[in-house]
Amino acid sequence: MALADMSERLDTLTSWHADWAGLRVVVAGLDQTAFSVVDTLAELGCDVLVAAPGPPEELARLVDVVGASLETDVRAASSFAPDVVIAPTTADDTHPVVAGARENGIAVWGDVEVAWRVRDKIVRADGESADWLLVAGSDGTDEIAHLAATMLVTAGVRAAPCGGSVPILDAVRDPAGFDALVVDLSAAQLALMAPITGVGAPVPHSAACVHADEETALDVVFRHARVACVYGAADERTLRMVEDADVTDGARAIGVRLGTPGLSELGVVEGILADRAFVADRRTSAAELATVDVLAERGLAEPRAVERVLAAAALARAAGAEPAHVAQALSGAAH
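So, here's what we can say about the structure. Worth saying up front: this structure is predicted, and the values here are computed from it rather than measured.

Quick notes on the packing of helix α6 (residues 141-154) against helix α12 (residues 323-331)
For step 1, the next point in the chain: Contact geometry for α6 and α12: axes closest at 8 Å, N-to-C directions at 120°. As far as their axial angle goes, α12 and α6 are oblique. Of the two possible hands of crossing, α6 and α12 adopt the one that is right-handed. In this structure, α6 uses Leu 147, Thr 150, Met 151 and Thr 154 to contact α12, whose residues at the interface are His 325, Val 326, Gln 328, Ala 329 and Leu 330.
For step 2, the next point in the chain: A breakdown of the residues in the contact of α6 with α12 according to their chemical character gives 5 nonpolar, 4 polar and no charged.

Structure, rendered in structure tokens:
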């Protein structure tokens, strides 16, 4: 199929229920995240080839079980003539298959794009797929995702953290179903997301980045956010990212800081975590979320840890959690 025609076909693949049958896919590399892609696309009826030298034996055995093929000579895999190449988090442009795809104009996706396209496999009671809350940054993103998900669960929201030790596609396909996914994004995943335009680009409910990595286009995490962009108010890079981000009209910038919070910020006042962003009259009042003493009991009182707690609370509040839910979750939070 000509590249233009294939591009048109790929644009139709925006649902689990789309016609994925026969799509020729090469997955570059094999780890847990890559296998989640292989398993997903094989189930959808794609013709899947894994190109991975020296793959983990336990995963290599499963490739055949799910109906895909494995090629350890990655250069030989180029003869497969893929319609799309999937680069999991361990692959980059130095991988022969990925480099070849770039040179020949073949689409290269990451696992995030695949997950976004098939996010409607399991929907909520209202018929909508789970909201995505994205988390990125130079450190502690897994803790932010875990804490935010815990706060939402305390609020009665079926939420789960994913993207770190749990592949996003595993969460998307979980039979239990979720109302919200808090997605921890690595630098490699963000780099693969950067060039995405159109139907494959995630449109998150909200996103958070407390500390930016200068080497990565972390502004990608805020792109298309609909409700809140949570940033480190003391980090000039994250502030610039929020100011430059292509967000949805109406999305709010929510700052977090270790000192007294300004308008639309969460911060710390005399040992109390205070919210001046999600209260009715944020000019004259604030909501108490927890105390630093409570965080200390849980091993979360170190400055960076407090910032992560504030970022998680901001995401949870943006998604509907009340101050009491945040406090309850933190009182039982594990270090």
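Re the pattern of salt bridges
For step 1, the next point in the chain: Tallied over the entire structure, the rule returns 18 salt bridges.
For step 2, the next point in the chain: Taking the shortest distance from any N to any O, the salt bridge between Arg 124 and Asp 131 comes out at 3.3 Å.

Topic: the packing of aromatic side chains
For step 1, the next point in the chain: Counting across every chain of the model gives 2 aromatic pairs.
For step 2, the next point in the chain: On the numbers, 6.3 Å between centres and 80° between planes, the contact of Trp 20 with Trp 109 is edge-to-face. Of this pair, Trp 20 sits in the loop between α1 (3-12) and β1 (24-28) while Trp 109 sits in strand β5 (residues 107-109); the two residues are 89 residues apart in sequence, bridging distant segments of the chain.
For step 3, the next point in the chain: In this structure Trp 20 comes out as buried when scored by relative accessible area, which is 1%.
For step 4, the next point in the chain: Overall, the relative accessible area of 4% leaves Trp 109 in the buried class.
For step 5, the next point in the chain: Aromatic side chains Trp 116 and Trp 132 sit 5.0 Å apart centroid to centroid with 80° between the ring planes, which places their arrangement in the edge-to-face category. Residue Trp 116 is found in helix α5 (residues 111-117), and its partner Trp 132 is found in strand β6 (residues 131-136); the two are separated by 16 residues along the sequence.

With respect to the nonpolar core
For step 1, the next point in the chain: Judged by nonpolar contacts, the single largest core of 61 residues is most densely connected at Leu 41, Trp 132, Leu 181 and Phe 222.
For step 2, the next point in the chain: Considering every element that reaches this core, the biggest residue donor is helix α2 (residues 32-43), with 5 residues.
For step 3, the next point in the chain: Discounting residues that sit within four places of it in the chain, Phe 222 has contacts with Ala 207, Ala 208, Cys 209, Cys 229, Val 230, Tyr 231, Thr 238, Met 241, Val 242, Ala 245 and Val 247.
For step 4, the next point in the chain: Counting residues in each nonpolar core, the second largest holds 42 residues, with Ile 144, Val 157, Val 210 and Ala 314 among its members.

Comments concerning the environment of Ala 201
For step 1, the next point in the chain: In this structure, Ala 201 sits in the loop between α8 (187-193) and β9 (206-209).
For step 2, the next point in the chain: Taking the C-alpha atoms as reference points, Ala 201 and Ser 79, 122 residues apart in sequence, are found 29 Å from one another.
For step 3, the next point in the chain: Once you skip the residues sitting within four places of it in the chain, Ala 201 turns out to touch Trp 116, Ile 196 and His 224.

Description of unusual backbone geometry
For step 1, the next point in the chain: Phi is positive for Ala 81, which is not a glycine, with a value near 55°.
For step 2, the next point in the chain: When you line up the elements, Ala 81 lands in the loop between β3 (69-71) and β4 (84-86).
For step 3, the next point in the chain: The phi dihedral of His 224 is positive, around 70°, even though this residue is not glycine.
For step 4, the next point in the chain: Relative to the helices and strands, His 224 resides in the loop between β9 and β10 (228-232).
For step 5, the next point in the chain: You can call His 224 partly exposed: its relative accessible area is 23%.

Section: helix α9 (residues 236-244)
Residues separated by three or four positions in an α-helix point in the same direction, a consequence of the helix having 3.6 residues per turn.
For step 1, the next point in the chain: Every buried residue belonging to α9 is among Thr 238, Met 241 and Val 242, and all of these are buried. The arc enclosing the buried residues of α9, seen along the axis, measures out at 100°, which places them on a common side. Seen from the buried face of α9, the exposed residues on the opposite side, beyond 90 degrees, are Glu 236, Glu 243 and Asp 244.
For step 2, the next point in the chain: Measuring from the side-chain oxygen of the N-cap residue of α9 to the backbone nitrogen of Arg 237 gives 2.9 Å; that N-cap residue is Asp 235.

Considering the sheet that holds strand β13 (residues 272-275)
For step 1, the next point in the chain: If you walk across this open sheet you meet the 9 strands as β7-β8-β6-β9-β10-β11-β12-β13-β14, and the pairing is mixed. Both outer strands of the open sheet, β7 (159-162) and β14 (287-291), are each paired with one neighbouring strand and no more. Within the sheet, the average angular offset between the axes of one strand and its neighbour, ignoring direction, is 20°.
For step 2, the next point in the chain: Along the sheet, α6 makes contact with β6, β7 and β8 (180-184), crossing β8 at roughly 170°.

Rules used throughout
- Note on numbering: residues in each chain are counted from 1, in written sequence order.
- In keeping with the model being predicted, local features are shown solely for residues with a pLDDT of at least 70 and side-chain atom pairs are shown and tallied solely at 80 or more, while totals for entire chains, interfaces and linings include all residues.
- Think of the side-chain values as coming from all heavy atoms in the structure, minus any hydrogens and water.
- Fitting a line to C-alpha atoms yields each axis, with helices limited to the stretch in contact; the angle taken between N-to-C directions then spans 0 to 180 degrees.
- Think of it this way: any DSSP run of H or I at least four residues long counts as a helix, any run of E at least two long counts as a strand, and we number them from the N terminus.
- Angle categories: roughly parallel below 35 degrees, roughly antiparallel above 145, roughly perpendicular from 65 to 115, and oblique for all the rest.
- Each crossing gets its handedness from the near helix: less than a right angle anticlockwise from the far helix is left-handed, clockwise is right-handed.
- Here a residue-residue contact requires only that any non-hydrogen atoms of the pair lie within 4.5 Å.
- In this classification, the charged set is Asp, Glu, Lys and Arg, the nonpolar set is Ala, Val, Leu, Ile, Met, Phe, Trp, Tyr, Cys and Pro, and all remaining amino acids, among them Gly, are polar.
- Salt bridges, as used here, are contacts in which a Lys or Arg side-chain nitrogen is within 4 Å of a carboxyl oxygen on Asp or Glu.
- The aromatic pairing rule takes the rings of Phe, Tyr and Trp, using the six-membered ring of Trp, and pairs them if the centres are within 6.5 Å, calling planes under 30 degrees apart stacked, those over 60 edge-to-face and the rest tilted.
- Only protein chains enter the accessibility calculation, which uses a 1.4 Å probe; a residue whose area is less than 20% of its type maximum is buried, one above 50% is exposed, and one in between is partly exposed.
- The criterion is simple. A nonpolar core is a set of buried Ala, Val, Leu, Ile, Met, Phe, Trp, Tyr and Cys residues joined through side-chain atoms within 4.5 Å.
- Throughout, the arc means that of the directions going from the helix axis to the C-beta atoms.
- The definition of a polar contact used here is a pair of N or O atoms within 3.5 Å, where within protein one atom must be able to donate a hydrogen and the other to accept one, and adjacent residues in sequence count solely through side-chain atom pairs.
- Pairing between strands requires that DSSP locate at least two bridges from one strand to the other.

Shape is all these values report; function is a separate question.
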